[in-house]
Amino acid sequence: MGAEVELGYGRAQHRTRIKCAVLSDPVAKYEIVKTMRASSLVLGPLIARTGMARVAMPGGCNIGDRPIDLHIKGLETMGATVHYDHGYLEARSPNDGKSQLKGAHIVFDKITVTGTEDLLMAAALADGESLFENCAREPEVIDLAALLNAMGAKIEGAGTSTIKIKGVSKLHGAKHRINPDRIEAGTFLVAAAITGGDLNVDCCNPAHLGAVITKLEECGVKLEVGKENVRVHSGSSLTASDMSTEEYPGFPTDMQAQYMALMTQAEGTSVVTENIFENRFMHVGELNRMGANISVSGRSATIRGKTPLQSAAVMCSDLRASAALVLGALVAEGETILDRVYHMDRGYEHIEEKLRSVGAQIRRMGDVFGRK
């Protein structure tokens, strides 16, 4: 789009510098957007910044219907015109892109994380004040608001269901440290629990993992919670426990697949209910191929444990399903091969290296296991 982006390297490999003095091409091309649904988040800020945006309809994980109609409805309430053209959304601010978006009162029909974030960025540069109700309360929304405020925005209430934004004429640069990834941290906690390991997950924010920590303790996992770390102690005996996904601060849908893998190794029967996405049980068939005993009825899955898992060739259908299959493979007898792991790479950085560093036998294909 014309921004200058500098990726860090060496000791600063997780640092990125972005300079957006000029955005010469406000288009999010299909070739990029198709791989990651979150690409749709450029829609609001592009309209606010340049007066126009052309964004390909989002792709990403096939976990159910995830329309961006709430994004579009909110932008139209702020004065934008949006129309569909050959697979792209084309949007302009008022006066054919020559005027700012207008502050507005928006009540979300349903809680939406990306919808809240997208419109929050648009409202930061809108003319006047905006009031959003029924907002998502996820830590990621709070983190985004913190960055925007550091850049000169005027946002109050992020992390609650009501957010107030007073639009400003422009934003400036800032330095910001991003929240630790609570889903990655939660996945490693489950990895330790399912293998009966002793593992310290450092540099995380336990306050963002409340529902996951509570549920693991219900299952008999012994945890030691610190200020910036959570340690799983070995020797835990897993007991089945029902779980329902909910919007934050409830149990996250992004941990549902991993939790289901854990329940295959718990004593007793558990029921997992998915309340966020209607097609997020695609990992069930693959776990059953490995020996799990899981049946699905509507939005609920019944897991009968404890079942020994066996190695198999399995298919990764989406990001979190990939993580569930890795967890299952960690306790399965024999060598499991996972196909389409590119899904996993969008949400986990070098997951195989991190797991191998704490004792897992895991390699990218091309690295062949030696004979035992």
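Parameters and conventions
Residues numbered from 1 in each chain as written. Predicted model: local features only at pLDDT ≥ 70, side-chain atom pairs only at ≥ 80, totals over all residues. Heavy atoms only, no water. Helix = DSSP H or I, 4+ residues; strand = E, 2+ residues; numbered from the N terminus. Rg over C-alpha atoms; globule rule 2.2 N^0.38 Å. Buried < 20%, exposed > 50% of the residue type's maximum accessible area, 1.4 Å probe, protein only. Contact = heavy atoms within 4.5 Å. Areas by Shrake-Rupley, 256 points an atom, 1.4 Å probe, with all protein chains shown as cover. Lys, Arg positive; Asp, Glu negative; His and termini not counted. Charge placed at Lys NZ, Arg CZ, Asp CG, Glu CD. Disulfide = S-S within 2.5 Å. Phe/Tyr/Trp six-rings, centres within 6.5 Å; stacked < 30°, edge-to-face > 60°. Lys NZ or Arg CZ within 6 Å of the ring centre and 35° of its normal. Pairing = 2+ DSSP bridges. Axes fitted to C-alpha atoms, helices over the stretch in contact; angles between N-to-C directions. Parallel < 35°, antiparallel > 145°, perpendicular 65-115°, else oblique. Left-handed = near helix turned anticlockwise from the far one by under 90°. Nonpolar A, V, L, I, M, F, W, Y, C, P; charged D, E, K, R; others polar. Salt bridge = Lys/Arg side-chain N within 4 Å of Asp/Glu carboxyl O.

Structural notes on the overall build of the protein chain
The secondary structure content of the protein chain amounts to 12 helices and 19 strands. On C-alpha atoms alone, the protein chain measures out to a radius of gyration of 22 Å, which is about the 21 Å that the 2.2 N^0.38 rule sets for 372 residues. Principal-axis analysis of the C-alpha atoms gives the protein chain an extent of 70 × 45 × 40 Å. Taking all 372 residues of the protein chain together, the buried fraction comes to 44%. In the protein chain, the share of contacts with a sequence separation of at least 24, taken over all contacts with a separation of at least 6, comes to 64%. Accessible surface computed for the protein chain: about 18,600 Å², of which carbon and sulfur atoms make up 49%. With 41 positive and 45 negative side-chain charges, the protein chain shows a spacing of 4 Å between the two charge centroids.

A closer look at the state of the cysteines
By definition, a disulfide links the sulfur atoms of two cysteine residues through a covalent bond. Under the definition given, this model contains 0 disulfides. Left unpaired, Cys203 is separated from the closest cysteine sulfur, that of Cys204, by 8.0 Å.

A word on the packing of aromatic side chains
Going through the model one piece at a time under the given rule, you end up with 2 aromatic pairs. The interplanar angle of 65° and the centroid separation of 5.6 Å between the aromatic rings of Phe251 and Tyr259 together place this pair among those described as edge-to-face. For Tyr259, a relative accessible area of 1% gives the class buried. Above the face of the Tyr88 ring, Arg54 is positioned so that its terminal group lies 4.1 Å from the ring centre.

Topic: the sheet that holds strand β11 (residues 199-202)
What links the strands of a sheet is backbone hydrogen bonding, and the strands pair in either a parallel or an antiparallel sense. In space, the 3 strands of this open sheet follow the order β11-β13-β12, with antiparallel pairing throughout. Two strands bound the open sheet, and with one partner strand each, they are β11 and β12 (223-225). Direction aside, the axes of adjacent strands within the sheet are offset by 15° on average. Here 3 bridges tie β12 to strand β13 (residues 229-232), and the two strands are oriented antiparallel to one another. The partner of Val225 across the bridge, within β13, is Val230. Against the sheet, helix α6 (residues 182-195) makes contact with β11 and β13, and its axis sits at roughly 175° relative to β11, the strand it touches most.

Here we look at the packing of helix α8 (residues 256-263) against helix α10 (residues 319-331)
With their axes 7 Å apart at the nearest point, α8 and α10 run at an angle of 20° to one another. The angle between α8 and α10 falls in the class roughly parallel. Crossing of α8 over α10 shows right-handed handedness. Across the interface between the two elements, Ala257, Gln258 and Ala261 from α8 touch Arg320, Ala321, Ala323, Ala324 and Leu327 from α10. Here the contact of α8 with α10 is composed, by residue class, of 6 nonpolar, 1 polar and 1 charged.

Quick look at the environment of Ala136
Within the element layout of this structure, Ala136 appears in the loop between β8 (129-133) and α5 (139-150). Relative accessible area serves as the criterion here: at 0%, Ala136 is assigned to the buried category.

Things to note about the pairing of β11
Remark: a regular strand shows side chains that alternate across the two faces of the sheet. Along β11, the buried face is formed by Leu199 and Val201; none of Asn200 and Asp202, which line the opposite face, is buried. As defined by bridge partners, β11 adjoins β13 across 4 bridges and the pair is classed as antiparallel. For Val201, the partnering residue across the bridge sits in β13 and is Val230.

Brief notes about the pattern of salt bridges
Applying the stated criterion to the full structure yields 15 salt bridges. Two residues, Glu140 and Arg182, come together in a salt bridge whose shortest N-O distance is 2.9 Å. On the criterion of sequence distance, the pair formed by Glu140 in helix α5 and Arg182 in helix α6 is long-range, its members being 42 residues apart. Residue class for Glu140 comes out partly exposed when judged on its relative accessible area of 32%.

Side note on the packing of α6 against α10
Relative orientation of the contacting elements α6 and α10 amounts to 20°, with a least axis distance of 9 Å. Of the possible angle classes, the one that applies to α6 and α10 is roughly parallel. α6 and α10 meet at a crossing whose hand is right-handed. Here α6 contributes Ile183, Thr187, Val190, Ala191, Ile194 and Thr195 to the contact with α10, which in turn contributes Arg320, Ala323, Leu327, Leu330 and Val331. The residue inventory of the contact of α6 with α10, partitioned by class, reads 8 nonpolar, 2 polar and 1 charged.

So, the sheet that holds strand β6 (residues 88-92)
Pairing is mixed across the open sheet formed by 4 strands, whose spatial order is β3-β4-β6-β5. Each end of this open sheet is capped by a strand with a single partner; those strands are β3 (27-28) and β5 (81-85). With 5 bridges joining them, strand β4 (residues 52-56) and β6 adopt antiparallel strand pairing. In the sheet register, Ala56 faces β6, and the bridge partner there is Tyr88. The sheet strands contacting helix α2 (residues 43-50) are β4 and β6, and the helix crosses β4 at an angle near 155°.

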